[in-house]
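Structural description and commentary
Residues per chain, in single letters:
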Amino acid sequence: MQAVNKRHSLYFQLLFLLLAAAFVSTAVFFCLNMVGESAIKTYTENSNYSENQDEKYIDRLQNYITQNQLSVFDLDEISQWVKDQQILYLRIYLKGFLIYDSGYSDQIDFSEFSSTSDDVEYNLSNYYTVQFTDSSAMVVILGFYSYQLEIWAFIIELAASILLFFVIILLGIRSKMKYILTLGKEIEILEGGQLDYPITIKGKDELAGLAKGLDNMRISFKKQLEHEAVMDQENQRAVTEMSHDLRTPLTSIMLYTELLKKKKYSDEAQLQDYVDKIDRKAYQMRQLTDNLFKYTLVTGEEKEEEVLLEDPAEFKAIFYDPLSETCSTLEQMGYRTECAFEWPHGLLRVNSDYVMRILDNLVSNIIKYADPDVPIVISVLISGSKIGETPAEISGTAKECGSPAPDSGSYMLGFRFENQIRQKAESIESNGVGLRSIEAMMKKMGGTYQADIINNRFRLDIKFSCERT
């Protein structure tokens with residue numbers, strides 16, 4: 001997984017989310033606080049809220065005095081009641097004189113009382129008459145009622161801001177959780193074998209890096225499975241082709257063995273020739289089985305192992321014996337051959353094992369499909385033309401090896417095999433293994449291959465690059 005830029009990491013995203021949530025919730029708190037204070041101020045100033053609260057607390061004070069049978073001089077009990085209310089300021093006047101002030105901890109000295117009206121202070125405030133057990137008194141009350149409302153408003157504003165903070169955090173985390181759940185579902189899809197389903201890559205953080213790694217792993221695993229499928233298919237094809245190639249030398253061995261068992265030979269020289277042919281075919285079979293065990297499939301990612309071509313040799317020196325043996329084998333099988341060759345001069349580089357396998361495949365194909373009543377025609381090809389044909393009979397111009405080539409100076413030498421297709425051959429199952437094997441071997445040797453069916457006649461051309469002498 002590739003390194004993630006710190007700015008895009010989950011750590012910094014979470015830190016940014018926390019800071020953003022804190023900023024938003026703090027801003028909302030101050031806005032709510034301003035709105036709350038303004039609303040409280042408007043409410044308390046434009047209503048009878050303060051007067052109603054004064055009357056409520058005067059009623060409580062009167063009930064407290066009545067229940068506890070307090071006199072105007074039971075000032076300690078009065079002080080305790082004021083403390084319990086917490087938001088009140090209280091003054092008590094008796095006959096125009098101040099006898100109690102909750103703002104002072106010390107009691108009033110009654111010796112200093114005077115009866116002059118100038119000492120009366122309660123005329124500037126709202127006052128209420130309260131009945132004590134021994135006398136009535138005037139009470140001035142001042143309450144901090146808006147403070148109480150402000151406390152409740154502060155609690156509500158703080159709770160709303162904290163709730164908003166957590167909501168923002170949860171919403172930010174929720175998007176990541178949804179992405180994690182999406183990745184989990186997509187992984188389950190991949191586990192089910194649907195490797196064509198892409199992994200969702202969103203963002204640039206560690207989760208996106210993980211998703212990209214999973215998608216790369218999906219693609220690699222898919223390619224590996226496709227590679228293995230191609231390997232299995234190619235291995236099966238190679239084994240099938242090599243198994244097919246084994247059949248012709250085995251058939252030849254059985255044929256010559258049968259001839260030896262029935263003593264169908266004219267002299268010791270022919271007997272030795274049959275034995276030599278059996279020996280060559282047996283050696284060829286051993287080579288094929290070795291190739292079968294050593295075969296390794298090559299894919300597009302690996303270069304195919306190049307076939308080892310032998311040193312340049314004359315065209316006739318390479319093909320005279322193999323073609324003579326091929327004609328002999330076909331004749332032993334009951335076929336007639338026309339193999340009158342004019343051997344041109346030219347140097348070729350081929351692989352002898354491949355040449356023998358190609359000819360064996362041709363023999364196998366002829367035995368399987370050719371009409372034995374019509375001769376098998378084998379002729380030499382030069383630069384795409386056949387010796388003996390005139391330019392009017394072929395496409396291209398017939399040339400002798402050694403004459404200048406029209407384009408690159410390279411020549412092609414090879415053979416054409418023609419046979420009449422047997423009528424019942426159409427019912428024989430064909431998988432084309434032999435022809436595919438010939439095509440593959442010609443390609444590895446740098447040659448060309450072409451097969452055609454014209455007027456119920458099968459024609460196969462194989463040509464090799466010729467080096468001028």
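Just so we're clear, the structure is a prediction, and the values are computed from it rather than from any experiment.

1. Points about the nonpolar core
- Phe319, Leu348 and Phe415 are the most contacted members of the largest nonpolar core, which has 37 residues in total.
- For this core, the secondary-structure elements that each account for two or more residues are helix 7 (315–332), helix 8 (352–369), strand 8 (376–382), strand 10 (411–420), helix 9 (433–444) and strand 12 (457–466).
- Residue contributions to this core peak at 7 residues, all from helix 8.
- Among all residues touching phenylalanine 415, those that are not within four sequence positions of it are Phe315, Phe319, Leu323, Phe341, Trp343, Ile378, Ser379, Val380, Leu381, Leu460, Asp461 and Ile462.

2. Structural notes on the sheet that holds strand 3 (residues 127–131)
- Pairing within the open sheet is antiparallel, and its 4 strands lie in the order 2-1-4-3. The outermost strands of the open sheet, each flanked by one partner alone, are strand 2 (97–101) and strand 3. On average, each strand axis in the sheet is inclined to that of its neighbour by 35°, with strand direction left out of account.
- Sheet topology places strand 1 (residues 88–94) next to strand 2; 4 bridges connect them, and they run antiparallel. Residue pairing across strands places leucine 94 opposite phenylalanine 97, the latter belonging to strand 2.
- The strands touched by helix 2 (residues 49–68) within the sheet are strand 1, strand 3 and strand 4 (136–143), with strand 3 carrying the most contacts at an inclination of about 15°.
- Contacting strand 1 and strand 2, helix 3 (residues 75–85) runs over the sheet at an angle of about 155° to strand 1.

3. Some thoughts on the side chain of glutamate 157
- In this fold, glutamate 157 is placed in helix 4 (residues 145–191).
- Among buried Asp, Glu, Lys and Arg side chains, glutamate 157 stands out as unpaired, with lysine 41 the closest opposite charge at 15 Å.
- Residues in contact with glutamate 157, not counting those within four places in the same chain, are Phe29, Leu32, Asn33 and Gly36.

4. What to know about a nonpolar patch on the surface
- On the surface, Phe144, Tyr147, Ile151, Trp152, Phe154, Ile155, Leu158, Ile162 and Phe166 cluster together into a nonpolar patch covering about 920 Å² of accessible area.
- Of note, tryptophan 152 is situated in helix 4.

5. Points about the confidence of the model for the protein
- For the protein, the average pLDDT comes to 77, and 80% of its residues sit at 70 or higher.
- Every residue in residues 385–409 is under pLDDT 50, and counting partners more than four places away or in other chains gives 36 contacts.

6. A few points about helix 1 (residues 10–45)
- Here helix 1 contains 36 residues, and its C-alpha end-to-end distance of 52 Å stays within 8% of the 52 Å for a straight helix at 1.5 Å per residue.
- Taken as a whole, helix 1 has its buried residues at Leu17, Ala21, Ser25, Phe29, Asn33, Gly36, Ile40 and Thr44.

7. A few points about the pattern of salt bridges
- Evaluated as defined, the whole model comprises 4 salt bridges.
- With a closest N to O distance of 3.2 Å, aspartate 101 and arginine 91 form a salt bridge. Of this pair, aspartate 101 sits in strand 2 while arginine 91 sits in strand 1, and the two are 10 residues apart along the sequence.
- The shortest N-O distance in the salt bridge between arginine 218 and aspartate 215 comes to 2.9 Å. Residue arginine 218 and its partner aspartate 215 are located together in helix 5 (residues 206–261), separated by 3 residues, close to a single helical turn.

8. Some points on unusual backbone geometry
- Despite not being glycine, glutamine 69 has its phi angle at roughly 50°, a positive value.
- Structurally, glutamine 69 can be placed in the loop between helix 2 and helix 3.

9. Some remarks on the environment of isoleucine 99
- Relative to the helices and strands, isoleucine 99 is located in strand 2.
- Judged by relative accessible area, isoleucine 99 falls into the buried class, the value being 0%.
- Expressed as a C-alpha distance, the spacing of isoleucine 99 and phenylalanine 73, which sit 26 residues apart in the sequence, is 8.4 Å.

10. Here we look at the packing of helix 7 against helix 8
- Where helix 7 meets helix 8, the closest approach of the two axes is 11 Å, and the angle between their N-to-C directions is 20°. Classed by the angle they form, the pair helix 7 and helix 8 counts as roughly parallel. Viewed along their axes, helix 7 and helix 8 form a crossing whose handedness is right-handed. Along its contact with helix 7, which presents Phe319, Pro322, Leu323, Thr326, Thr329 and Leu330, the element helix 8 presents Val355, Met356, Leu359, Val363 and Ile366.
- Across the contact of helix 7 with helix 8, the residue classes break down as 9 nonpolar, 2 polar and no charged.

11. A word on the packing of aromatic side chains
- In this structure the tally under the stated criterion is 11 aromatic pairs.
- An angle of 85° between the planes, with centres 5.6 Å apart, marks the rings of phenylalanine 29 and phenylalanine 154 as edge-to-face. Highlighted residues: phenylalanine 29 in helix 1 and phenylalanine 154 in helix 4, separated in sequence by 125 residues.
- Between the aromatic rings of phenylalanine 319 and phenylalanine 464, the centroid separation amounts to 5.4 Å while the plane-to-plane angle is 45°, which identifies the pairing as tilted. With phenylalanine 319 in helix 7 and phenylalanine 464 in strand 12, the pair connects residues that are 145 residues apart, well separated along the chain.

Each value, and the rule that gives it
Residues numbered from 1 in each chain as written. Predicted model: local features only at pLDDT ≥ 70, side-chain atom pairs only at ≥ 80, totals over all residues. Heavy atoms only, no water. Core = buried A, V, L, I, M, F, W, Y, C linked by side-chain atoms within 4.5 Å. Buried < 20%, exposed > 50% of the residue type's maximum accessible area, 1.4 Å probe, protein only. Helix = DSSP H or I, 4+ residues; strand = E, 2+ residues; numbered from the N terminus. Contact = heavy atoms within 4.5 Å. Pairing = 2+ DSSP bridges. Axes fitted to C-alpha atoms, helices over the stretch in contact; angles between N-to-C directions. Lys, Arg positive; Asp, Glu negative; His and termini not counted. Salt bridge = Lys/Arg side-chain N within 4 Å of Asp/Glu carboxyl O. Patch = residues over 30% accessible without salt bridge, like charges linked within 9 Å, V, L, I, M, F, W, Y side chains within 5 Å. Areas by Shrake-Rupley, 256 points an atom, 1.4 Å probe, with all protein chains shown as cover. pLDDT = per-residue confidence, 0-100. Expected span 1.5 Å × (residues − 1). Parallel < 35°, antiparallel > 145°, perpendicular 65-115°, else oblique. Left-handed = near helix turned anticlockwise from the far one by under 90°. Nonpolar A, V, L, I, M, F, W, Y, C, P; charged D, E, K, R; others polar. Phe/Tyr/Trp six-rings, centres within 6.5 Å; stacked < 30°, edge-to-face > 60°.

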